[in-house]
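Residues per chain, in single letters:
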Amino acid sequence: MPAVSKGDGMRGLAVFISDIRNCKSKEAEIKRINKELANIRSKFKGDKALDGYSKKKYVCKLLFIFLLGHDIDFGHMEAVNLLSSNKYTEKQIGYLFISVLVNSNSELIRLINNAIKNDLASRNPTFMCLALHCIANVGSREMAEAFASEIPRILVAGDTMDSVKQSAALCLLRLYKTSPDLVPMGEWTSRVVHLLNDQHMGVVTAAVSLIACLCKKNPDDFKTCVSLAVSRLSRIVSSASTDLQDYTYYFVPAPWLSVKLLRLLQCYPPPEDAAVKGRLVECLETILNKAQEPPKSKKVQHSNAKNAILFEAISLIIHYDSEPNLLVRACNQLGQFLQHRETNLRYLALESMCTLASSEFSHEAVKTHIETVINALKTERDVSVRQRAADLLYAMCDRTNAKQIVSEMLSYLETADYSIREEIVLKVAILAEKYAVDYSWYVDTILNLIRIAGDYVSEEVWYRVIQIVINRDDVQGYAAKTVFEALQAPACHENMVKVGGYILGEFGNLIAGDPRSSPLVQFNLLHSKFHLCSVSTRALLLSTYIKFINLFPETKGTIQEVLRSDSQIRNADVELQQRAVEYLKLSSIASTDVLATVLEEMPPFPERESSILAKLKKKKGPGAGSELDDGKKDPNSEINGGMEPSASTASTPSPSADLLGLRAAPVAASGAPAGAGNLLVDVFSDSSSAATGLVSGAEENFLRFVCKNNGVLFENQLLQIGVKSEFRQNLGRMYLFYGNKTSVQFQSFTPTVSYPGDLQSHILFVKLNIQTKAVEPLVEGGAQVQQVLNIECLSDFTEAPLINLKFR
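From a predicted model like this one, the values you see are computed outputs, not experimental measurements.

Colleague: I tried to follow the packing of helix H5 (residues 88-101) against helix H6 (residues 109-121) on my own but got confused; where do I start?
Modeller: Any two packed helices are characterised by how steeply their axes cross, that is the angle between the axes, and by the distance between the axes. H6 packs onto H5 with a crossing angle of 140 degrees between their chain directions and a minimal axis gap of 13 Å. With respect to H6, the axis of H5 lies oblique. The two elements H5 and H6 cross, and the hand of that crossing is left-handed. Contacts between H5 and H6 involve Lys 91, Tyr 95 and Ile 98 on the former and, on the latter, Ile 112, Ala 115, Ile 116 and Asp 119. Its residues assigned to classes, the contact of H5 with H6 comprises five nonpolar, no polar and two charged.

Have a look at this one:
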């Protein structure tokens, strides 16, 4: 930076600032500012031309006044005039004023753009940097239109100085973020990748930030950056702190650049080149090894930089999900942070382990820390850390530890922070449903959940227990007995009354043989809660009463008296009045056979996605699907101990088959027999048949991709189709590998993607955007060709797109 001359002290500005600071009141400050504004306005309007120093001084005063919170409505033209000065300090103040006070709609933008063009063309590195900084700070669409094509040329030019390259890269990044459609992708895109090999570390750092942003939308244009990023990362990780002395932060070499490189690599799948992949694995192992070394400094800056690289490396390991050794090592390293005295580290460790728990390679390693996580749930002071602990317990839960985890979460629920109670209730309900082998345990758990946190139990939870009890013959008697006992508590939550009313109305006859739970005792118990309930619950109880008349004819007189009372047939609520009148008339005139037909037992509910899981996904927000679905951890087993052998299992989709609800058309709502399937017949399916439109034999392979991203999609005697995919939020990329298993050539080989059902039903509202790359029409015998699909999900959809293959 140019040296500041002796006359640049601007004594008048220093005196003005001193006067402002010495003001005793707000009124005195405003008076002094108004006096100065009048003086500056008179100087600008005066006949005598001001020299550059005076303009700079007055513009500085205006800038200071603006920063104090006062409006400035003049002086903009004088600031623009300073841009044409050849003195650094004057030009700097002009650009500073414009960056702060000039908006994108100003009439002066054209003059400013002309001055910036002159500075960019001057080849003076100092002036070029000032101009680039101004473009980035303003970042308007007008500036993007004017300079988006010029800045890339400056960036990749061979004679551009390093400091200018840095500024150009960051300026281009700013314009791309504000107006991506105006930044042209041209031949410069391949050249900017090679900036990763630049000798200047500052240029590399700026280039990585730019490439990481650009490659998210145009990954193929920048895929060569992977090998260069691995090479640069390897040099940084293996270097000593003295090798990169100018870029070493508390004994950690280039921590910011290392983090950016690791994040860039997360935009791509694992390298296919064995040498590059091996080098990257070595880098990750070195980072994990360095985390175990004693700290070289006791200062917090050292540990922060070191841990930043470590957590980003673990994120990359999780992203690849292909190195079992690294995944287990990452899990063990995170386990050491679970009891660290630093709260932020404990939080980050729990958050990362939630993702690790969904990997089949590291799930068992995560489970070894269950006691530490349970202790964190009970003892952590910070509610956000306790919430992450609850998330991790949910993620690590499987059939072997479900009862322990559900028990601990129920225990914690009694003292849990109010802000996370509803979420914990939903998770307990899902886990109890998902891993219940003993149905009586499931019923006990949900009723206990209602007892402990009734106010936070949403309707979806008690709806769900009703559905499952109705669908299971073997649990109905136990449920009736248990809910009858629960209703005898003096203080009974209204949700418990709802569950009790529904279950006893359907299955109260199963416990009526015991004198302690005779029909009249059941009725009196429910009616004792009636006056304490809301209108909706009272309406449900009236329906239970009429069901009782069908189940227990001996209660008919007692119930009719209740229905005939003024409080019912003259009730102010029209719904309750109508039910009371209709039920009373029905019980009076209908024969026993008609009553039995009208009030017969509820049929089994049809299969569908668990509304509890849907509610939890909605509560967690976008991007939470992988953590909640948790499909990888038990790949060889069905939920809830597997499907029971029965005649209907062949047509019943696997309960874990449709975690994302992406497949098939709805089936008819005919209820399956209550004994068919397990407790969770509809936890994760979407009322759909299994993968309609698939070639025979492909369905089983198709369903496997619920739990993994890579594998064989289809195979027969002629052809094998392999899939390798990755997804980030609503964007995805899929690599399809078509292998010719024969010894003859495939000709006119044409794979196409079609959109069945709801994907093509709305021409003006596309739900799934798939861009396919063409493949070679000839596939030699024993050879393999690759096709890339770029996928963008624009809306929810229920049917999977289909691949159609034609060849001869």
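Colleague: Looking at this structure, how should I read the environment of Tyr 456?
Modeller: Residue position: Tyr 456 is located in the loop between helix H24 (439-453) and helix H25 (459-471). A C-alpha to C-alpha distance of 8.7 Å links Tyr 456 and Glu 423, two positions 33 residues apart in sequence. Discounting residues that sit within four places of it in the chain, Tyr 456 has contacts with Tyr 418, Arg 421, Glu 422 and Val 425.

Colleague: Is there a simple way to think about the pattern of salt bridges in this case?
Modeller: Pairing is possible between side chains of opposite charge, provided their charged atoms come close. On inspection of all chains with the given rule, the structure shows 30 salt bridges. We note a salt bridge from Glu 312 to Arg 263, for which the minimum N-O separation is 3.1 Å. Remark: Arg 263 occurs in helix H14 (residues 255-265) and Glu 312 occurs in helix H16 (residues 300-320); sequence separation between them is 49 residues. A salt bridge links Arg 564 to Glu 561, with the nearest nitrogen and oxygen atoms 3.1 Å apart. Taken together, the residues Arg 564 and Glu 561, both in helix H30 (residues 556-564) and three residues apart, mark about one turn of the helix. One salt-bridge network, held together by shared partners, links Asp 19, Arg 32, Glu 36 and Lys 61.

Colleague: What's the story with helix H28 (residues 519-530) in this structure? I'm lost.
Modeller: A turn of α-helix holds 3.6 residues, and therefore any two residues three or four places apart point the same way. An ideal rise of 1.5 Å per residue puts 16 Å on twelve residues; H28 measures up with 17 Å between its terminal C-alpha atoms. Looking at the packing, one finds that the buried side of H28 touches helix H26 (473-486), helix H27 (494-507), helix H29 (535-551), H30 and helix H31 (566-569).

Colleague: Looking at this structure, I do not really get the state of the cysteines. What am I missing?
Modeller: Disulfide: a covalent bond connecting the sulfur atoms of a pair of cysteines. All chains considered together, the criterion is met by zero disulfides. Cys 267 supplies the cysteine sulfur nearest to Cys 215, a cysteine that is in no disulfide, at a spacing of 3.8 Å. Residue Cys 215 is classed as buried on the basis of its relative accessible area of 2%.

Colleague: For this particular structure, what's the right way to read a nonpolar patch on the surface?
Modeller: Residues Leu 67, Leu 96 and Val 100 make up a contiguous nonpolar surface patch of about 270 Å² in total accessible area. Within the fold, Leu 96 resides in helix H5. Judged by its relative accessible area of 41%, Leu 96 falls in the partly exposed class.

Colleague: Please clarify how the sheet that holds strand E8 (residues 784-793) should be interpreted in this entry.
Modeller: Sheet strands associate in pairs through backbone hydrogen bonding, adopting either a parallel or an antiparallel arrangement. In spatial order, the strands read E3-E4-E5-E8-E7; together these five strands make up an open sheet with antiparallel pairing. With partners counted over all chains shown, the strands left at the sheet margins are strand E3 (710-715) and strand E7 (768-772), one partner each. Strand-to-strand twist of the sheet, defined as the mean angle between neighbouring strand axes without regard to direction, takes the value 25 degrees.

Cut-off values and rules
- Residues numbered from 1 in each chain as written.
- Predicted model: local features only at pLDDT ≥ 70, side-chain atom pairs only at ≥ 80, totals over all residues.
- Heavy atoms only, no water.
- Axes fitted to C-alpha atoms, helices over the stretch in contact; angles between N-to-C directions.
- Helix = DSSP H or I, 4+ residues; strand = E, 2+ residues; numbered from the N terminus.
- Parallel < 35°, antiparallel > 145°, perpendicular 65-115°, else oblique.
- Left-handed = near helix turned anticlockwise from the far one by under 90°.
- Contact = heavy atoms within 4.5 Å.
- Nonpolar A, V, L, I, M, F, W, Y, C, P; charged D, E, K, R; others polar.
- Salt bridge = Lys/Arg side-chain N within 4 Å of Asp/Glu carboxyl O.
- Expected span 1.5 Å × (residues − 1).
- Disulfide = S-S within 2.5 Å.
- Buried < 20%, exposed > 50% of the residue type's maximum accessible area, 1.4 Å probe, protein only.
- Patch = residues over 30% accessible without salt bridge, like charges linked within 9 Å, V, L, I, M, F, W, Y side chains within 5 Å.
- Areas by Shrake-Rupley, 256 points an atom, 1.4 Å probe, with all protein chains shown as cover.
- Pairing = 2+ DSSP bridges.

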